[in-house]
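Summary of structural features
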Amino acid sequence: MHCLNDKPWKCCIVYVIRYKWGVQKKGDADLQFMLVGGELIKIRSNSWKKNRFYKLQEDCKTMWHESHKAFRSNQTFSIDDIDSVRKGRQSEGLHKYTDASVEDQCFSIIFKGRKKNLDLMAANKDEAKQWVSGLEKVISNMRNLSRQQKSEHWIFSCMRKADKNEDNKMTLKELKHFLRQINIEVDDSYAEELFNKCDKSRSGSLEGSEIKHFYDLLTYREEIDVIYEKYAQTAGRISVRDLLNFLLNEQREQVGMADALKLIEKYELDETGKQKQHMTKDGFLMYLNHEEGSILNPAHKSVCQDMTQPLNHYYISSSHNTYLMEDQLKGPSSTEAYIRALMKSCRCVELDCWDGANGEPVIYHGYTLTSKVLFRDVIKAIKEYAFRTSEYPVILSLENHCSVEQQKLMAHHMISILGDALLTRPLGDTMPSSLPSPEELKGRFLIKGKRLNKLDAAFNNNNVIENDSVSEEDEAADSKENGQKAKAKKSKIKLAQELSDLVIYCKSVHYNGFEHQPNFNCFFQRTPTATAYIHHNMDKLSRIYPAGSRTDSSNYNPVPMWNAGCQIVALNFQTPSKEMDLNQGRFLPNGMCGYILKPEFQRHLASQFDPITLSKGPWLKRKIFHVMVISAQQLPKLNKDKQKSIVDPLVRVELYGVPADTTSKQTHSIDNNGFNPMWNENFQFDIHVPELVMVRFVVEDYDSTSQNDLIGQYCLPLTSVQNGYRHVPLLTKRGDVICSAGLFLHLMLLDAQ
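Criteria and thresholds
Residues numbered from 1 in each chain as written. Predicted model: local features only at pLDDT ≥ 70, side-chain atom pairs only at ≥ 80, totals over all residues. Heavy atoms only, no water. UniProt positions renumbered as here; feature names shortened; annotations may be inferred. Helix = DSSP H or I, 4+ residues; strand = E, 2+ residues; numbered from the N terminus. Buried < 20%, exposed > 50% of the residue type's maximum accessible area, 1.4 Å probe, protein only. Contact = heavy atoms within 4.5 Å. Areas by Shrake-Rupley, 256 points an atom, 1.4 Å probe, with all protein chains shown as cover. Core = buried A, V, L, I, M, F, W, Y, C linked by side-chain atoms within 4.5 Å. Domains from an automatic or database assignment. Phe/Tyr/Trp six-rings, centres within 6.5 Å; stacked < 30°, edge-to-face > 60°. Lys NZ or Arg CZ within 6 Å of the ring centre and 35° of its normal. Salt bridge = Lys/Arg side-chain N within 4 Å of Asp/Glu carboxyl O. Polar contact = N/O pair within 3.5 Å; in protein donor to acceptor, adjacent residues only side chain to side chain. pLDDT = per-residue confidence, 0-100. Pairing = 2+ DSSP bridges. Axes fitted to C-alpha atoms, helices over the stretch in contact; angles between N-to-C directions. Parallel < 35°, antiparallel > 145°, perpendicular 65-115°, else oblique. Left-handed = near helix turned anticlockwise from the far one by under 90°. Nonpolar A, V, L, I, M, F, W, Y, C, P; charged D, E, K, R; others polar.

Looking at an unreviewed UniProt entry, one finds the chain named Phosphoinositide phospholipase C and attributed to Myripristis murdjan. What UniProt records for the chain under Cofactor (unreviewed entry) is the sentence "Ca(2+)". Under the UniProt heading Catalytic activity (unreviewed entry), the note attached to the chain is "a 1,2-diacyl-sn-glycero-3-phospho-(1D-myo-inositol-4,5-bisphosphate) + H2O = 1D-myo-inositol 1,4,5-trisphosphate + a 1,2-diacyl-sn-glycerol + H(+)".

What follows is the structure in structure tokens.
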């Protein structure tokens with residue numbers, strides 16, 4: 001990276017304009033509007049509506065706004081912390097505290113994690129449009145930066161912060177402060193040696209080209225040099241033939257000369273190199289930092305599986321107690337929780353329905369202090385956001401505790417709000433013999449709940465009414481209370497015909513063993529089994545959910561359920577956990593559409609697969625998985641309040657699958673270096689059923705006296721892992737990308753001898 005003027009701290013801004021915004025983006029009207037800034041009304045309640053000045057800072061990644069609190073005069077937040085921007089009165093706060101007449105003036109900034117939404121109102125609709133458009137452009141372009149560009153941007157941002165007196169120079173003291181900011185601790189003698197090596201002018205401070213020299217020394221990656229020099233067999237450069245050799249033998253990719261040439265055209269920065277069909281070291285690093293050099297197979301980033309098989313042939317991303325933002329005793333219920341789950345491509349959400357005031361049903365966790373949200377508002381939010389990230393069907397799982405009258409209103413709201421997207425009768429004109437496919441149900445809503453009669457009543461108008469029914473989870477609680485073999489106690493809750501008729505393919509039947517299920521051969525009933533569990537899941541749907549005793553909304557391990565072929569393995573999306581990491585990883589491939597096709601041996605009744613005994617069969621494909629943990633880059637500081645707090649990172653490689661494949665191994669810890677730690681440690685794993693293996697990479701801050709702290713993690717199926725030298729992004733405990741951080745590994749999955 002080269003400075004284009006004599007103010008090195010301005011390099012970051014020039015860099016952003018050149019690489020992030022593209023050619024001539026400096027003239028973008030929305031960007032210029034945000035850089036100037038303006039007044040907005042911040043809204044918290046009916047009585048709290050305050051004018052605040054907001055503007056985008058020159059680094060193009062930080063928003064500044066004034067604050068009238070006594071202990072601070074201004075405040076900033078990073079663009080990286082924003083999850084999305086919503087135009088109009090789309091948040092609960094704006095919907096509640098503003099009038100419909102100002103719809104076009106309102107917008108909300110939705111943050112990652114548990115930070116509260118920022119609800120704002122502009123002076124007019126044109127200004128609101130500019131704010132929304134500008135923010136969306138900044139967010140989009142930040143996310144489209146390559147890993148290398150994010151890294152450079154982050155480093156220069158830290159440099160600016162270290163320049164305390166803003167003189168565009170760096171003293172030795174400021175250099176030490178900068179090194180601590182980027183998470184690396186060095187002794188004074190090394191810092192002074194590094195400083196003197198760059199201070200060519202002997203002026204006692206670094207400026208201009210000296211800062212560029214310092215940057216080059218800091219970001220030098222020895223491991224990349226070693227790989228590049230090994231394959232650079234053409235006058236010290238990698239030719240197109242050298243690159244093809246690397247792709248075939250190291251990365252184990254099925255490619256040809258044309259593919260290697262495309263990579264040079266795409267990533268080589270030097271025009272002379274392009275003309276000679278060579279790749280320089282900078283171009284090689286650029287390639288490794290983009291999706292072709294990522295651990296995740298790029299082909300799996302879009303829908304790549306057969307989506308025409310019956311629903312029961314897929315794992316389905318599913319949420320439990322979707323309405324909750326926190327725990328299930330006193331946490332808030334919110335439409336926001338549904339929006340967040342759906343935007344993560346969750347395809348089965350839960351609605352816990354109870355009688356509400358003024359005849360309107362509400363959703364909350366019954367008999368607790370959790371807040372309540374109107375059923376109709378939830379349905380509106382689901383309608384708005386269900387298909388933003390995935391076009392495949394969404395299942396609404398009803399836990400019904402309402403009176404008949406309010407059940408009728410529930411049915412009315414779903415029919416009137418969801419419209420033609422709501423499935424109200426089976427597809428086709430004859431009684432189906434199997435479930436429809438995700439492809440056939442694109443853009444449709446399915447209701448899961450109790451039904452008063454058999455599905456064929458939809459064809460012959462045979463409305464046989466049963467007197468009572470209960471919710472699925474109530475039945476589970478009753479079964480547990482009375483013993484597994486005891487007849488489940490039923491609450492006397494009558495079921496409205498109008499609501500019953502909306503249950504088409506997902507009729508809820510609680511498991512009490514097959515001997516208690518009179519019509520368990522009906523494909524649309526959702527009943528698990530005991531001994532025939534895996535075979536049952538080959539042609540029927542099973543829903544698994546956390547026990548009611550998990551009052552803290554903790555999660556269970558979903559892997560054994562997937563091993564048994566269960567489709568709807570519902571987790572508490574609101575609770576960060578290893579289990580949610582596994583869930584996010586499970587549904588990462590296939591375009592993150594919320595549906596993953598189960599392995600063939602979990603789909604056909606002739607299969608004798610058993611995850612415990614592992615008898616011989618097509619599922620047994622012995623592999624050896626080699627993992628070399630080479631290095632990490634720009635790991636975040638965990639304790640930002642303490643300048644001298646530096647992480648001591650270690651890396652653990654965890655495998656989850658059938659019991660024989662579940663294991664983990666970890667590196668040693670490296671003291672006081674979160675910026676560029678190197679391990680170069682090799683691990684080997686014996687794999688039996690690769691199609692069910694999940695791989696989770698965990699980076700922790702080692703602590704000898706207490707539990708290690710999580711720095712970042714990444715999880716994906718073994719079948720989506722690319723061989724060779726790969727960069728691995730890191731995510732926070734809530735599943736958000738840590739922009740500049742990552743691991744560098746060498747991976748190889750080979751057939752066992």
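1. Considering the overall build of the chain
Counting its regular elements, the chain contains 22 helices and 28 strands. Counting the 753 residues in the chain, one finds 56% classified as buried. Sequence-distant contacts, at least 24 apart, represent 65% of the contacts inside the chain between residues at least 6 apart. A total of about 32,900 Å² of accessible surface is found on the chain, and carbon and sulfur atoms cover 48% of it.

2. Some remarks on the UniProt feature "domain: EF-hand" (unreviewed entry) in the chain
What UniProt calls "domain: EF-hand" (unreviewed entry) maps, in this numbering, to residues 150-185 and 186-221. Note that residues 150-185 is 64% helix and 0% strand, and that its end C-alpha atoms are spaced 22 Å apart.

3. Re the nonpolar core
Within the largest apolar cluster, 64 residues are counted, with the highest numbers of intra-cluster contacts made by Leu 351, Ile 363, Ile 382, Leu 396, Met 414 and Phe 445. Looking at this core, the element that brings in the most residues is helix H15 (residues 375-385), giving 6 residues. Counting residues domain by domain, this core receives three or more from each of domain 4 (311-598) and domain 5 (623-751). Not counting residues up to four positions away in its chain, the partners in contact with Met 414 are Phe 375, Ile 379, Leu 396, Leu 398, Gly 419, Leu 422, Ile 447, Leu 499 and Leu 502. Counting 34 residues, the second-largest nonpolar core is a separate cluster that includes Ile 687, Ile 738, Leu 743 and Leu 745.

4. A look at the packing of aromatic side chains
Under the definition given, this model contains 20 aromatic pairs. Arranged with centres 6.4 Å apart and planes meeting at 80°, the rings of Trp 562 and Phe 587 form a pair that is edge-to-face. Placement of Trp 562 in helix H21 (residues 559-563) and of Phe 587 in the loop between helix H22 (578-586) and strand E20 (595-597) is noted, with a sequence separation of 25 residues between them. Residue Trp 562 is classed as buried on the basis of its relative accessible area of 1%. Plain terms: the ring middles of Phe 625 and Phe 685 are 6.3 Å apart, the flat faces sit at 35° to each other, and that makes the pair tilted. With Phe 625 in strand E21 (residues 623-633) and Phe 685 in strand E24 (residues 678-687), this pair connects stretches of sequence that are 60 residues apart. Put simply, the rings of Tyr 228, Tyr 231, Phe 246, Phe 284 and Tyr 287 pair up and form one aromatic cluster. Lying over the aromatic face of Trp 562, Arg 586 brings its terminal NZ or CZ to 4.9 Å of the ring centre.

5. A closer look at the pattern of salt bridges
Per the counting criterion, the structure on display carries 28 salt bridges. The residue Asp 80 makes a salt bridge to Lys 61 at a minimum N-O spacing of 3.3 Å. Here Asp 80, found in the loop between strand E4 (74-78) and strand E5 (82-87), pairs with Lys 61, found in the loop between strand E2 (49-56) and strand E3 (62-66); they are 19 residues apart in sequence, far enough to count as distant. The pair formed by Asp 80 and Lys 61 is uniform in burial state, with each residue classed as buried.

6. A short note on unusual backbone geometry
In this structure, Arg 252 is a non-glycine residue whose phi angle is positive, near 55°. Tracing the chain through its elements places Arg 252 in the loop between helix H10 (240-249) and helix H11 (257-267). In this structure Arg 252 comes out as partly exposed when scored by relative accessible area, which is 43%. The backbone of Ser 345 sits at a positive phi, close to 65°, despite the residue not being glycine. Inspection of the secondary structure puts Ser 345 in the loop between helix H14 (335-343) and strand E11 (348-354). Look at Ser 345 and you get buried, because its relative accessible area is 4%.

7. Some thoughts on the environment of Glu 268
Among the secondary structure elements, Glu 268 is positioned in the loop between H11 and helix H12 (271-275). Among the polar contacts listed, one links the side chain of Glu 268 to the backbone nitrogen of Asp 270, at a separation of 2.9 Å. Polar contacts involving the side chain of Glu 268 include one to the main-chain amide nitrogen of Thr 280, which spans 2.6 Å.

8. Overview of the confidence of the model for the chain
Summarising the model, the chain shows a mean pLDDT of 86, and 86% of its residues fall at 70 or more. Low pLDDT (under 50) marks residues 461-469, which in the prediction has 19 contacts with non-local residues, meaning those over four places away or in another chain. Segment residues 482-490 is flagged for pLDDT under 50; beyond a separation of four residues in sequence, or across chains, it makes 14 contacts in the model.

9. A short note on helix H13 (residues 281-288)
Burial of H13 is extensive: 6 of the 8 residues sit out of reach of the surface. Within H13, the full set of buried residues consists of Gly 283, Phe 284, Leu 285, Met 286, Tyr 287 and Leu 288.

10. Comments concerning the pairing of strand E7 (residues 118-121)
Of the two faces of E7, the one holding Leu 118 and Leu 120 and the one holding Asp 119 and Met 121 are both buried throughout. In this structure, strand E1 (residues 38-43) lies alongside E7, joined through 2 bridges in antiparallel fashion. Within E7, the residue paired with Lys 42 across the bridge is Leu 120. Of the strand pairs in this sheet, strand E6 (residues 106-111) and E7 are connected by 4 bridges, and their pairing is antiparallel. Bridge pairing links Ile 109 to Leu 118 in E7. Count of turn residues in the E6/E7 antiparallel hairpin: 6 residues, of which Gly 113 carries a positive phi of about 70°.

11. Observations regarding the packing of H14 against H15
Packing of H14 against H15 leaves a shortest axis separation of 9 Å and a crossing angle of 25°. The angle between H14 and H15 places the two elements in the roughly parallel class. Of the two elements, H14 crosses H15, and the hand of that crossing is right-handed. Across the interface between the two elements, Thr 335, Tyr 338, Ile 339, Leu 342 and Met 343 from H14 touch Asp 377, Val 378, Ala 381, Ile 382 and Tyr 385 from H15. Here the residues of the contact of H14 with H15 are counted per class, giving 8 nonpolar, 1 polar and 1 charged.

12. So, the environment of Phe 625
With relative accessibility at 0%, the residue Phe 625 sits in the buried group. Among all residues touching Phe 625, those that are not within four sequence positions of it are Leu 655, Phe 683, Gln 684, Phe 685, Ile 687, Val 695, Leu 718, Val 721, Leu 747, Met 748 and Leu 749.

13. A short note on the pairing of strand E26 (residues 709-717)
Of all 9 residues in E26, 7 are buried; the element is thus mostly enclosed. Relative to E26, strand E25 (residues 694-701) runs antiparallel, the two being bridged by 8 bridges. Paired with Val 699 across the two strands is Gly 712, which belongs to E26.

14. Comments concerning the side chain of Arg 347
In this structure, Arg 347 sits in the loop between H14 and E11. At 3.3 Å, the side chain of Arg 347 and the backbone oxygen of Ser 390 are in polar contact. One polar contact links the side chain of Arg 347 to the main-chain carbonyl oxygen of Tyr 392, over a distance of 2.9 Å.

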